[in-house]
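Chain by chain, the residues:
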Amino acid sequence: MSVTDQVLAALLVHGLPVLFGVILICSVGVPFPISLMLVAAGSFVEQGEMKLWQVIAVASVAAVLGDQIGYGLSRWAGPRLIKRLSRRIDAETKIKQAEALTKRWSGASIFLSRWLVTALGPWVNVASGIANYPWRRFLFWDVLGEVLWVILYVGIGYVFSNRVQAIAEILSNLAWVIAGLFVTVILGWRLVRIYAPAATEGR
Amino acid sequence: MLANAVGVQALLADVIPLRPGNISTATSAVRDTLYKALCFAFIQMKKLGWRQWLVVLAFVLVVSVTGLLAVRTVQRAIYWHYHQDEAIRPWMSLGYIAHSYRVPPWVLHQALGLPTKPGKPDRRPIREIAREQNRSVNEVIAILQSAIVHSRPPYPPPPDAPPDEVYPRGQPPAFTQEPPRGPTPTPQTTPEPKQEPLRGRSP
């Protein structure tokens, strides 16, 4: 039996504690079939086996807590790691640039990586922690994004409650496509910036 | 540099030979632009260092993977648009299967020889039921599929509530009879009209 089957069977039997535990672990960065689980929870709500507000509250708290762990750990351990690396290469200026960039863009990237580009979520937590992004602002965008994510996925499970497996399969594929598009845009932008000076030189 | 561009153009012309009679002016204009773009890219690429090459490589890789994933997502979405039933998985409970296949739950309970009016809802995943009944999960899935087939057209629809006493005492209903032990048990029911396949039905 696959991990997915084990997790969903546990969710059926034990309910909310399993939902809490799996989402917490997943938000820290361990890959789990999380979209399937939330969609399944939505279906169980529709069938009257779980309560809607309980599912939304427990899943949101678990997701936010997991993100805080990822952020906190990288904020605590990140600078030490960077100091070690800085001795070998001149990383100081690069880090300062990265910090400035994070402070400018992190609000949007934290929010979007909670519910739209979910595959990048744990990475954004680590990046925000290392770049010393203000904790209150991180928490604000995190809570907003995670609650939206939970409501979205549980809602989809509620609406398509008789086709959990199929919908979750499509959703998780779609999440990777969105993440791929996101990275494509970033790399494409870099390519344009590489090509632009070369083009002006050539003239 | 110019010689290079002319060389590439000649090479491309070899790969896509010109047939003036077949190609309209518009198509050849598009192809001309494509040639120019390719020549420009080729010339510029010769100026790139290894770091820029890495970005180009990553871009091509990410675009291909994203494209493949997008195609797969669309394929799955089209598949599920035309197919109603999802496969029965070990994590599913009888309640969920009944909900997903739109049959009254008691039909499935009866098929497995479980009480049709349980005091509280049975939330066990079918792998647990299989373990309790000393059956393999595949065997339980086959029994459930047979019960589902027999409660859909051309068979008469079963009533929503379980009948109190339909069968003479001591004689189990047709689809709760012990299936033959083997890899794929077949239902032991009397007249066998044309069986509808469970998966792959159009809505």
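Caption draft 1: Here's a closer look at the overall build of chain B. On a plain count of helices and strands, chain B comes out with 7 helices and 0 strands. Ordered by position from N to C terminus, the α and β elements of chain B give α-α-α-α-α-α-α. Taken over 203 residues, chain B has a buried fraction of 19%. Put simply, of all contacts in chain B between residues at least 6 apart along the chain, 71% involve residues at least 24 apart.

Caption draft 2: Examining the overall build of chain A more closely. On a plain count of helices and strands, chain A comes out with 8 helices and 0 strands. Taken from the N to the C terminus, the helices and strands of chain A come in the order α-α-α-α-α-α-α-α. In chain A, buried positions account for 39% of the 203 residues. By sequence separation, contacts in chain A at least 24 residues apart represent 81% of the contacts at least 6 residues apart.

Caption draft 3: Structural detail: the environment of Met92(B). Residues and elements named next belong to chain B. Mapping Met92 onto the fold places it in the loop between α3 (50-82) and α4 (94-101). Note: C-alpha distance between Met92 and Pro125 (33 residues apart in sequence) is 5.1 Å. Ignoring any residue separated from it by four or fewer positions in sequence, one finds Met92 in contact with Ile97, Pro125 and Ile126.

Caption draft 4: The arrangement of helix α7 (residues 137-149) of chain B in detail. All names here are of chain B. Taking 1.5 Å of rise per residue, the 13 residues of α7 would be expected to cover 18 Å, and the 18 Å separating its terminal C-alpha atoms lies within 8% of that figure. Every buried residue belonging to α7 is among Val140, Ile141, Ala142, Ile143, Leu144, Gln145, Ser146, Ala147 and Ile148, and all of these are buried. Looking at the buried residues of α7, the elements they touch are α4, α5 (105-111) and α6 (126-132).

Caption draft 5: Expanded view of the interface of chain A and chain B. Each partner contributes to the interface: chain A provides 31 residues, whereas chain B provides 30 residues. Where the side of chain A that touches chain B is concerned, the elements lending two or more residues are α1 (3-14) and α8 (164-202) of chain A. The class makeup of the residues in the side of chain A that touches chain B is 18 nonpolar, 8 polar and 5 charged.

Caption draft 6: A look at the packing of α1(A) against helix α3 (residues 34-46) of chain A. All names here are of chain A. In the contact formed by α1 and α3, the axes pass within 10 Å of each other and the chain directions differ by 30°. On the basis of the axis angle, α1 is roughly parallel to α3. Crossing of α1 against α3: the hand is right-handed. Of α3, the residues touching α1 (which contributes Thr4, Val7, Leu8 and Leu11) are Leu36, Met37, Ala40 and Ala41. Of the residues that constitute the contact of α1 with α3, the class distribution is 7 nonpolar, 1 polar and no charged.

Caption draft 7: Up close: the nonpolar core. Met37(A), Val39(A), Ala41(A) and Leu144(B) are the most contacted members of the largest nonpolar core, which has 65 residues in total. If we skip the residues at most four places from it in the chain, Val39(A) touches Tyr153(A), Ile156(A), Gly157(A), Val164(A), Ile167(A), Ala168(A) and Leu171(A). Counting residues in each nonpolar core, the second largest holds 8 residues, with Tyr71(A), Ile110(A), Tyr133(A) and Phe138(A) among its members.

Caption draft 8: Region of the structure containing helix α7 (residues 135-159) of chain A. Between the first and last C-alpha of α7(A) there are 36 Å, a value that for 25 residues agrees with the 36 Å anticipated at 1.5 Å per step. Within the sequence span of α7(A), burial applies to Phe138(A), Trp141(A), Asp142(A), Gly145(A), Glu146(A), Trp149(A), Val150(A), Tyr153(A), Val154(A), Ile156(A) and Gly157(A).

Caption draft 9: Just the confidence of the model for chain B, in detail. Residue and element names in this part refer to chain B. For chain B, per-residue confidence averages 74 on the pLDDT scale, and residues scoring 70 or more make up 66% of the total. Mean pLDDT values over the elements of chain B span from 54, in helix α1 (residues 2-15), up to 94, in α7. Every residue in residues 165-172 scores below 50 in pLDDT, and together they form 4 contacts with partners more than four places removed in sequence or on other chains. The low-confidence segment residues 174-203 (pLDDT under 50) makes 41 contacts with residues lying over four places distant or belonging to another chain. With a pTM of 0.72, the predicted complex shows an ipTM of 0.79.

Each value, and the rule that gives it
- Residues numbered from 1 in each chain as written.
- Chains lettered and ligands numbered in written order.
- Predicted model: local features only at pLDDT ≥ 70, side-chain atom pairs only at ≥ 80, totals over all residues.
- Helix = DSSP H or I, 4+ residues; strand = E, 2+ residues; numbered from the N terminus.
- Buried ≥ 20, exposed ≤ 12 C-beta atoms within 10 Å, placed from the backbone.
- Contact = placed C-beta atoms within 7 Å.
- Expected span 1.5 Å × (residues − 1).
- Nonpolar A, V, L, I, M, F, W, Y, C, P; charged D, E, K, R; others polar.
- Axes fitted to C-alpha atoms, helices over the stretch in contact; angles between N-to-C directions.
- Parallel < 35°, antiparallel > 145°, perpendicular 65-115°, else oblique.
- Left-handed = near helix turned anticlockwise from the far one by under 90°.
- Core = buried A, V, L, I, M, F, W, Y, C linked by C-beta atoms within 7 Å.
- pLDDT = per-residue confidence, 0-100.

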